[in-house]
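Tertiary structure, described
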Amino acid sequence: MTPLRSRIIGLLHDAIKVLLYGHGQLPTNELSIELDIPKVPEHGDYATNIALSLTRHLKRKPLEIAREILKNLKDGNGLFQKVEIAGPGFINFFVNPHAWHATLVEILRDPGAYGRQDIGRGRKVQVEFVSANPTGPLHIGHGRGAATGDVIANILQACGFDVQREYYINDAGNQMDTLGRSLYYRYLQILGQPVEFPDNHYQGQYMLDLARDLHKEVGSRYQDISLDEVLDLFTRFAGDRILAEIREDLHAFGVHFDAWFSERSLHEQNAIARTIEELKAAGHVYEHDGATWFRSTAFGDEKDRVVIRANGMSTYFAADLAYHRNKFERGFHTLVDIWGADHHGYVERMLAGVQALGRERSDLRIILVQLVNLLRGGVPVAMSTRAGEFVTLKEVVDEVGRDAARFLFLTRRSDSPLDFDLEVAKMQSNDNPVYYVQYAHARLCSIFEVARERGIHLDLSSVESLTSLHRLTLPREVDLMKMLGEYPDVLANCSRSLEAHFIPYYLHELVSLFHSYYNQNRVLGDDPELTEARLCLAAAIREVIKNALELLGVTAPERM
RNA sequence: GCGCCUGUAGCUCAGUUGGAUAGAGCAACGGACUUCUAAUCCGUAGGUCCAAGGGUCGAAUCCUUGCAGGCGCGCCA
């Protein structure tokens, strides 16, 4: 939390404690004090509704409570210009202008550390995301999931969690067999054999390319061998190649994983059977109609789920149970799963599984990322995975650029569907918020470039002792410092809610204040003291923009 | 039929533990470049927060019902 904010909250705490002791109610530690920045300046720099929210507990009128809090409130070394009660019982704080300098000092002392905090206290968290089946290239929807997972991981890291990023490879099950068969048929077609290609197989262009590559490597060696004999080979060839491309596409998108976890490895280690045994021992599993069922209804799911089919094969869900058990065995305190929203029907059973495995429901947090509607100039682009007609992530990144794609993916709540218009995304104009933010950064860099040319040097090594900061008195300058001070709270909010979109919105707001300020005021002027002060402000803004863009995985260009 | 998500300005969307007069971008209209980058800024206009009830000192936010859209409902993955 920003120093100023925590100081005010601390003072409020003390003031309220007295009040509560007097009434013998509600332990202070259960009290969460909200301190907002009001919309209108008449309501002060900060405001709290605490008197209003205490009315129920204290059974007194809000105005009375506010008055009493105010009476108990310490001055805090001249922190406040004035504090007043307004409206139905809000307490409004007007802060002395010099108080804002602390934020600048904190930023400039160690720019990379600003916003970093220790909410996580080093607890291990795993973020699992993308996890697309290796049966085809990543499409734009995966891109949104990739950006979301990557940035949530960044945020958690910045907030003091020990984060691991993992990709779960669904390399087992019949879809992989289908993949192998698809390759086999394409291979035969290349060899001139009349093969009827089944509908429900993967028929995209990429399968033809793969078949050609395979043919190049092995020639016609397999043309007279039965499908059964070569299926495994074809499946592995296709799976490995597609996975390699997925890695490349993610790399180009700036997304990296610490671990790639193979579903097949669970089968090989017999982990699924062991998991089911464990659940059985705990009484969560029963036999019915020849199949083995997990009693997920005991934890709120709408029906029980099969884990071993009557034919003896385990289900995908059984593998997922084993997988999540494995994750917990690796010592993660919390698991974050990022799923496409089309899997929402799966959420309850997975949460049930986690509980049956002896963990808390809250130890698994599932983030659903809604679908992306791809448009070109307002017209929907037809997409069909089955027919292999879709725009890949790679194509989108190649066309609109990584920065624009990432920023647009992240500028929406993940649980809200996203219209992604290729024409808008690649427009280098005011339609495109990413350039608005980047432009501010480039402008700031340019100021320092000019300053250097003019021989103005800003020494930040002893920023604490700079006396020029008191020259920052314009309302817009105070607004900027106030906004810079909010950054750590924005990150904390992101880590609490596992939502990244606050950062783009914050950036936009900060940058908008700066652009406006820039147009009205000159940083480099005739007055050396004022110039020094404004350069400090400019430097702090630049650092926070850079810092935030870094979390988003978007570059901060020095020139545009 | 059941479940989950969504419904806020012409369009795309913020508004996260219920707070003061509901915001932003785009689009529309009118202005500002001999200055540190005009990819910018300033101004104007734009609203039944899907609807109806409920509860609260106070609701876009919580509860109930309805309407509309998306997605999902397999011993597939």
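Residues numbered from 1 in each chain as written. Chains lettered and ligands numbered in written order. Predicted model: local features only at pLDDT ≥ 70, side-chain atom pairs only at ≥ 80, totals over all residues. Heavy atoms only, no water.

**Section: the sheet that holds strand 3 (residues 90-95)**
The antiparallel open sheet is built from three strands, whose spatial order is 1-3-2. The open sheet has two edge strands, strand 1 (46-48) and strand 2 (80-86), and neither has a second partner. Taking each pair of neighbouring strands and ignoring which way they run, the sheet shows an average axis angle of 20°. The sheet contact formed by strand 1 and strand 3 spans three bridges and is antiparallel. Note on strand 3: the bridge partner recorded for Ala47 is Asn92. (Pairing = 2+ DSSP bridges. Helix = DSSP H or I, 4+ residues; strand = E, 2+ residues; numbered from the N terminus. Axes fitted to C-alpha atoms, helices over the stretch in contact; angles between N-to-C directions.)

**Structural notes on helix 15 (residues 402-410)**
For helix 15, a buried count of eight out of nine residues is recorded, marking the element as mostly surrounded by other parts of the structure. For helix 15, every residue scored as buried is listed here: Asp403, Ala404, Ala405, Arg406, Phe407, Leu408, Phe409 and Leu410. (Buried < 20%, exposed > 50% of the residue type's maximum accessible area, 1.4 Å probe, protein only.)

**Side note on the packing of aromatic side chains**
As enumerated under the stated definition, the model contains 24 aromatic pairs in all. Consider the rings of Tyr185 and Phe197, whose centres lie 6.2 Å apart with planes at 75°: the pair is edge-to-face. Remark: Phe197 occurs in the loop between helix 7 (174-190) and helix 8 (205-218) and Tyr185 occurs in helix 7; sequence separation between them is 12 residues. Judged on exposure class, the residue Tyr185 and its partner Phe197 are both buried. Here a set of aromatic residues connected by ring pairs shows up, and it is made of Tyr184, Tyr185, Tyr187, Phe197, Tyr222 and Phe234. Note that Arg542 overlies the ring of Phe448, its terminal NZ or CZ placed 4.5 Å from the centroid. (Phe/Tyr/Trp six-rings, centres within 6.5 Å; stacked < 30°, edge-to-face > 60°. Lys NZ or Arg CZ within 6 Å of the ring centre and 35° of its normal.)

**Observations regarding the confidence of the model for chain A**
Per-residue confidence for chain A gives a mean pLDDT of 91, with 95% of residues at or over 70. At the level of individual helices and strands, chain A shows its lowest average pLDDT in helix 3 (residues 55-58), which scores 76, and its highest in strand 5 (residues 162-169), which scores 98. (pLDDT = per-residue confidence, 0-100.)

**Here we look at the protein's contact with RNA strand B**
The immediate surroundings of RNA strand B are formed by 70 residues, with Ser32, Gln175, Arg309, Ser446 and Asn521 found nearest. In RNA strand B, atoms within 4 Å of the protein come from the sugar-phosphate backbone in 64% of cases. Separating a phosphate oxygen of RNA strand B from a side-chain N or O atom of Lys39 is a distance of 3.2 Å. Between Tyr436 and RNA strand B, the recorded distance is 2.4 Å, taken from a side-chain N or O atom to a phosphate oxygen. Mapped onto the surface near RNA strand B, the elements with two or more residues apiece are helix 2 (50-53), helix 3, strand 3, helix 7, strand 8 (291-294), helix 17 (433-453), helix 18 (475-497) and helix 19 (502-520). Looking at which element gives the most residues to the surface near RNA strand B, the answer is helix 17, with eight residues. (Near = heavy atom within 4 Å. Polar contact = N/O pair within 3.5 Å; in protein donor to acceptor, adjacent residues only side chain to side chain.)

**Points about the side chain of Thr178**
With respect to the secondary-structure elements, Thr178 resides in helix 7. Using a relative accessible area of 12% as the deciding quantity, one classes Thr178 as buried. Those residues in contact with Thr178 that lie beyond four places of it in its chain are Asn200, His201 and Tyr202. (Contact = heavy atoms within 4.5 Å.)

**Focus on the pairing of strand 4 (residues 124-128)**
Taken across its five residues, strand 4 has four buried, putting it largely inside the fold. Bridge count between strand 4 and strand 5: five bridges; the pairing is parallel. Residue pairing in the sheet places Val125 in a bridge with Val163 of strand 5. A crossover connection joins strand 4 to the parallel strand 5 through helix 6 (residues 140-158); in handedness this β-α-β unit is right-handed. (Right-handed = clockwise from strand over helix to strand, strands pointing away.)

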